[in-house]
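Breakdown of the fold
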Amino acid sequence: MDHQEYMQWLRHHSPSTKGFDIQSRPYKNADGIEELIFMHRNYWGYVDWLEQNSDIDFADWVVHSCKNPCEGYTLSHLLMYWLWFDECGRFRQGLPTPHSYPPLGYKGWGDEGKIA
């Protein structure tokens, strides 16, 4: 998926509720060049929460993701996935998250086969 396809996906496969409007912020990529990262507002809220409540520096995530691309994902898409994956993991492990409910799309992955 190229950047144009990603932006179309972002616009057309998103809930039409507050928090899912698209916002961008500039970050330096692995080459030291500012690149706009496009994500839903709620993901930027999670970025802000992580930086205030953990030792995570999102700028480092940008550089790392730029150096370790995934075929079929733009940098913005990959970062959005990693943020979702991080929040799902925190929720599953009972670690602090900005909300008391699971992230959209969380299905209890990793919980299958556990005996209560």
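Regarding helix α4 (residues 75–93)
- Under the 1.5 Å per step criterion, the end-to-end length of α4 is 27 Å for 19 residues, consistent within 8% with the ideal 27 Å.
- The first or second residue beyond α4 is G94, which carries a positive phi of 75°.

Observations regarding the packing of aromatic side chains
- One pass over the structure, following the stated rule, counts eleven aromatic pairs.
- Relative to F58, the ring of Y27 lies with its centre 5.2 Å away and its plane at 80°, an arrangement referred to as edge-to-face. Taken as a pair, Y27 in strand β1 (residues 22–28) and F58 in helix α3 (residues 58–67) lie far apart in primary sequence, 31 residues in all. We note that Y27, like F58, is buried.

Section: the packing of helix α2 (residues 41–53) against α4
- At their nearest, the axes of α2 and α4 sit 10 Å apart, and the two run at 60° to each other. Judged by the inter-axis angle, α2 sits oblique to α4. Where α2 crosses over α4, the two elements pack in a sense that is left-handed. Residues Y43, Y46, V47, W49 and L50 of α2 form the contact with α4, whose own contacting residues are M80, L83, W84, D86, E87 and R90.
- Class assignment of the residues belonging to the contact of α2 with α4 gives a composition of eight nonpolar, no polar and three charged.

Topic: the environment of F20
- Structurally, the position occupied by F20 is in the loop between α1 (3–12) and β1.
- Along the chain, F20 and M1 lie 19 residues apart, while their C-alpha atoms are 20 Å from each other.
- Excluding anything up to four places from it in sequence, F20 contacts S14, P15, H40, N42 and L104.

A short note on the pairing of strand β2 (residues 34–40)
- Here seven bridges tie β1 to β2, and the two strands are oriented antiparallel to one another. Looking across to β2, one finds that P26 is bridged to L36.
- Connecting β1 to the antiparallel partner β2 that follows it, the hairpin turn spans five residues, and G32 within it adopts a positive phi of roughly 80°.

Scoring rules and cut-offs
Residues numbered from 1 in each chain as written. Predicted model: local features only at pLDDT ≥ 70, side-chain atom pairs only at ≥ 80, totals over all residues. Heavy atoms only, no water. Helix = DSSP H or I, 4+ residues; strand = E, 2+ residues; numbered from the N terminus. Expected span 1.5 Å × (residues − 1). Phe/Tyr/Trp six-rings, centres within 6.5 Å; stacked < 30°, edge-to-face > 60°. Buried < 20%, exposed > 50% of the residue type's maximum accessible area, 1.4 Å probe, protein only. Axes fitted to C-alpha atoms, helices over the stretch in contact; angles between N-to-C directions. Parallel < 35°, antiparallel > 145°, perpendicular 65-115°, else oblique. Left-handed = near helix turned anticlockwise from the far one by under 90°. Contact = heavy atoms within 4.5 Å. Nonpolar A, V, L, I, M, F, W, Y, C, P; charged D, E, K, R; others polar. Pairing = 2+ DSSP bridges.

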